[in-house]
Structures are given as C-alpha cells and as structure tokens.
Amino acid sequence: MKKQRISDDVLNEVIKSIFFISVFTILLVIGFFMLKGSSVSIITELVHIPVFIYIPFIISILAGISMLICKFKCKLELIPKIAFIAFVILVTYYWIALSSTSAVAVRRSKALNVVEEAAKLENVFPPQINKVNFIKKDSVERPFTVFGKLSYEENFEYEEKAEDTSKILNLIHQEVVCFENTPLLNEDRLINFLKANFKSNMYFGSYIENEDIISGEINNIKYQYVFKRIYEESVFNYDYCYSLLMYNENAVLAISNYYLLNDDFEFDPLANIRQVADITKDIFIK
C-alpha cells in the first residue's frame with residue numbers, strides 16, 4: 001500500500017494548529033504564574049485561577065490529546081479542524097467568562113452594599129471606639145462577580161487622626177470576605193480556608209487556641225468567632241482580635257479585625273453577631 005504524502009497545504013495547517021494551541025498554553029502558564037505570584041487573595045485562589053486558568057487549561061489539554069490521537073488514527077486533515085474548533089471554543093469561553101465576571105457589575109450589587117454596611121466601624125465596634133477620629137489610611141479591594149454572584153474581598157486600615165503624635169496611635173486593620181454561592185466555588189474549601197484563618201489571624205496566630213473559637217447558630221446562619229484581648233505592658237496599650245465567620249447555603253461572610261488601642265473597652269461579640277446577622281439577612285436568607 002502506497003504511503004500517503006502530506007501536502008504542503010496540510011502541513012501548513014498542522015503548523016498553524018500547533019501554533020494556536022501553543023499560544024494558548026503559553027498564555028495559560030504565564031497567567032498561572034502571574035496569579036500565583038500576586039498578593040495573597042482568596043478570590044485569586046478560589047475564583048480567578050479556576051475560571052481563567054484551570055478550565056481553559058483543560059480545554060487545551062483535550063484539544064491536544066484529540067490532535068495526538070488523530071495523528072495516528074484519523075486523517076491528518078482533521079488536525080487543523082480540531083485546533084480551529086479548540087481555538088474558537090477558548091475565545092468564546094474567555095469572552096463569556098469576562099462578560100459574566102466583572103468587577104464593575106459588583107458596584108450595582110445589593111449584596112455588596114449589605115456587606116459594606118455590616119463592615120462599617122460603627123456596626124462592628126463599640127461606641128467608645130467610634131469616638132476616636134479614625135481615617136481610612138490604606139485599602140486594597142477585590143470586588144468580583146461570577147454569573148451575578150458576589151465575590152468580594154477587602155483589606156484596609158484605619159489610623160487615628162491625632163494632633164499628639166507622642167503617644168501610640170489607635171489603629172484598626174480589617175479584612176472582609178464575602179461570597180454568594182456560585183457553581184464554580186467549592187463552598188466547603190472556602191469555609192475550611194476561613195476557619196483556618198482564625199488560627200493565623202493577623203498578628204494573633206500564636207495567641208489563638210481551639211478553645212478560643214466559639215461556634216453557634218442564629219437565624220439559620222452558622223457562625224464562629226474569636227475575641228481576644230492582650231495588654232502589652234511594654235508599650236502600654238491593648239491589642240484586640242475580633243474575627244467573625246458566618247455562613248449557610250446561601251452565602252459566606254468573614255470580617256476579621258485587629259486593633260491596637262490606648263484604652264481598654266468592653267465588647268459583647270454575641271450582640272455584634274446579632275446586629276451583623278440583621279444587616280446581612282438579605283444575602284443569607286433568600
């Protein structure tokens with residue numbers, strides 16, 4: 001049987017096919033390392049990488065395997081068709097993903113307004129803290145939506161605006177994370193991730209023990225919280241850690257606070273949890 005010779009046209013198409021797949025593979029690898037090398041972000045780990053890296057990578061691998069099988073089992077003319085179809089699928093997927101996942105759309109999200117309200121200083125801290133003249137010093141915000149569901153993460157810092165700088169300024173560091181359920185998010189992994197965050201919470205990891213984590217349920221919302229107070233004799237101030245995790249089948253919300261204050265104060269975590277649950281009922285009770 002005479003061996004079929006590959007025409008120059010087919011060979012050119014095969015080269016183009018390999019080029020299509022190679023370009024996407026290189027972009028995926030670069031994107032993966034860029035995301036991995038970026039600042040620590042729950043959204044990056046649990047949303048960006050699955051949406052923009054893993055799923056397209058799987059599509060590329062399937063296309064590559066199909067082309068390899070065709071090299072031995074099918075007509076070689078099918079290889080460029082497979083590559084072109086894979087290319088169109090990837091372009092279409094990215095177009096749908098980018099249009100369905102947007103930071104701009106979050107600004108119109110009712111859930112975002114609810115989360116921002118729940119995280120306000122006056123809704124988290126007792127009145128004596130609110131009397132301090134705090135200003136927002138630094139803020140890193142990562143709003144994101146996946147098919148209309150809120151994914152939100154923010155890290156920010158408040159610093160006392162004081163004339164007398166001879167004393168240690170009052171400071172508050174806050175982390176806010178909220179996810180409405182999405183088909184692309186592993187809820188159990190997220191909750192376990194946030195639970196583990198209690199043990200390594202900002203500046204307080206070595207002070208938090210398992211018995212410090214209090215669990216309960218309110219209005220069909222499960223919660224866990226830590227409230228820890230430490231007096232630093234060396235600098236004559238108080239360090240506080242208050243972290244709250246609330247979750248059910250509709251949403252997951254975590255508000256973690258570390259504050260360094262000149263004065264002691266009394267704080268009732270359960271009263272605050274009731275207040276936050278009331279403010280956020282629209283995202284937890286659908």
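Every value quoted in this text rests on a predicted model; they were computed, and no experiment measured them. (Residues numbered from 1 in each chain as written. Predicted model: local features only at pLDDT ≥ 70, side-chain atom pairs only at ≥ 80, totals over all residues. Heavy atoms only, no water.)

A word on the overall build of the protein. Counting its secondary structure elements, the protein contains 10 helices and seven strands. Scored against the burial criterion, the 286 residues of the protein give a buried share of 45%. For the protein, the exposed surface amounts to about 16,000 Å²; the carbon and sulfur share of it is 59%. (Helix = DSSP H or I, 4+ residues; strand = E, 2+ residues; numbered from the N terminus. Buried < 20%, exposed > 50% of the residue type's maximum accessible area, 1.4 Å probe, protein only. Areas by Shrake-Rupley, 256 points an atom, 1.4 Å probe, with all protein chains shown as cover.)

Another point: helix α8 (residues 187-199). Within the sequence span of α8, burial applies to Leu 190, Ile 191, Leu 194 and Phe 198. Buried residues in α8, looked at end-on, bunch into an arc of 95°, giving them a common side. (Arc of directions from axis to C-beta.)

Applying the stated criterion across every chain, the model contains eight aromatic pairs. When the centroid spacing of 6.0 Å and the interplanar angle of 65° are considered together, the rings of Tyr 93 and Tyr 94 count as edge-to-face. A ring pair is formed by Tyr 242 and Phe 267, whose centres lie 4.8 Å apart and whose planes are at 75°; its orientation type is edge-to-face. Placement of the pair is Tyr 242 in strand β6 (residues 237-247) and Phe 267 in the loop between β7 (251-261) and α9 (269-279), with a sequence separation of 25 residues. Among the aromatic residues, those joined into a ring-pair cluster are Phe 227, Tyr 240, Tyr 242, Tyr 259 and Phe 267. (Phe/Tyr/Trp six-rings, centres within 6.5 Å; stacked < 30°, edge-to-face > 60°.)

This paragraph deals with unusual backbone geometry. Located in the positive-phi region is Asn 219, a residue other than glycine, with phi close to 55°. By the element assignment, Asn 219 lies in the loop between β4 (214-218) and β5 (221-232). You can call Asn 219 partly exposed: its relative accessible area is 49%. Within the chain, Asn 220 stands out as a residue other than glycine whose phi angle is a positive 65°. Mapped onto the fold, Asn 220 is located in the loop between β4 and β5. For Asn 220, a relative accessible area of 62% puts it in the exposed group.

This brings us to a nonpolar patch on the surface. Residues Phe 57, Ile 61, Ile 65 and Ile 69 make up a contiguous nonpolar surface patch of roughly 340 Å² in combined accessible area. Mapping Ile 65 onto the fold places it in helix α2 (residues 42-73). (Patch = residues over 30% accessible without salt bridge, like charges linked within 9 Å, V, L, I, M, F, W, Y side chains within 5 Å. Salt bridge = Lys/Arg side-chain N within 4 Å of Asp/Glu carboxyl O.)

Let us look at the environment of Lys 228. With respect to the secondary-structure elements, Lys 228 resides in strand β5. Engagement of the side chain of Lys 228 in a polar contact is seen with the side chain of Asp 212, the distance being 2.9 Å. (Polar contact = N/O pair within 3.5 Å; in protein donor to acceptor, adjacent residues only side chain to side chain.)

Another point: the packing of α2 against α8. Running from amino to carboxyl end, α2 crosses α8 at an angle of 170°, the nearest separation of the two axes being 11 Å. By the angle class used here, α2 and α8 are roughly antiparallel. Contact residues: Ile 42, Glu 45 and Leu 46 in α2; Arg 189, Leu 190, Phe 193 and Leu 194 in α8. Taken together, the residues of the contact of α2 with α8 break down into five nonpolar, no polar and two charged. (Axes fitted to C-alpha atoms, helices over the stretch in contact; angles between N-to-C directions. Parallel < 35°, antiparallel > 145°, perpendicular 65-115°, else oblique. Contact = heavy atoms within 4.5 Å. Nonpolar A, V, L, I, M, F, W, Y, C, P; charged D, E, K, R; others polar.)

Once that is clear, we can look at the pairing of strand β3 (residues 171-180). Each regular strand displays side chains that alternate between the two surfaces of the sheet. β3 sits mainly inside the fold: eight of its 10 residues count as buried. Examined bridge by bridge, strand β2 (residues 149-160) and β3 share nine bridges and lie antiparallel to one another. Opposite Glu 154, over in β3, you have Val 176 as the bridge partner. (Pairing = 2+ DSSP bridges.)

It is worth spelling out the pattern of salt bridges at this point. Inspection of every chain in the model, using the stated rule, returns seven salt bridges. For Glu 159, the salt bridge identified is with Lys 137, shortest N-O distance 3.2 Å. Of the two residues, Glu 159 sits in strand β2 while Lys 137 sits in strand β1 (residues 134-146), which places them 22 residues apart along the sequence. One salt bridge in this structure joins Arg 142 and Glu 153, with 3.8 Å as the shortest N-O distance. Residue Arg 142 is found in strand β1, and its partner Glu 153 is found in strand β2; the two are separated by 11 residues along the sequence. Using a relative accessible area of 16% as the deciding quantity, one classes Arg 142 as buried. For Glu 153, a relative accessible area of 5% translates into the label buried.

Take Ser 256: it is sitting in strand β7. Classification of Ser 256 by relative accessible area gives buried; the value is 5%.

This part takes up α2. Helix length check: α2 (32 residues) gives 44 Å between terminal C-alpha atoms against 46 Å at 1.5 Å per residue, within 8%. Remark: the principal bend of α2, roughly 55°, maps to Ile 49, with a proline, Pro 50, within the next four residues. (Expected span 1.5 Å × (residues − 1). Bend = angle between axes of the 7 residues up to and from the residue.)

Structurally, Val 47 can be placed in helix α2. By relative accessible area, Val 47 is classed as buried at 6%.

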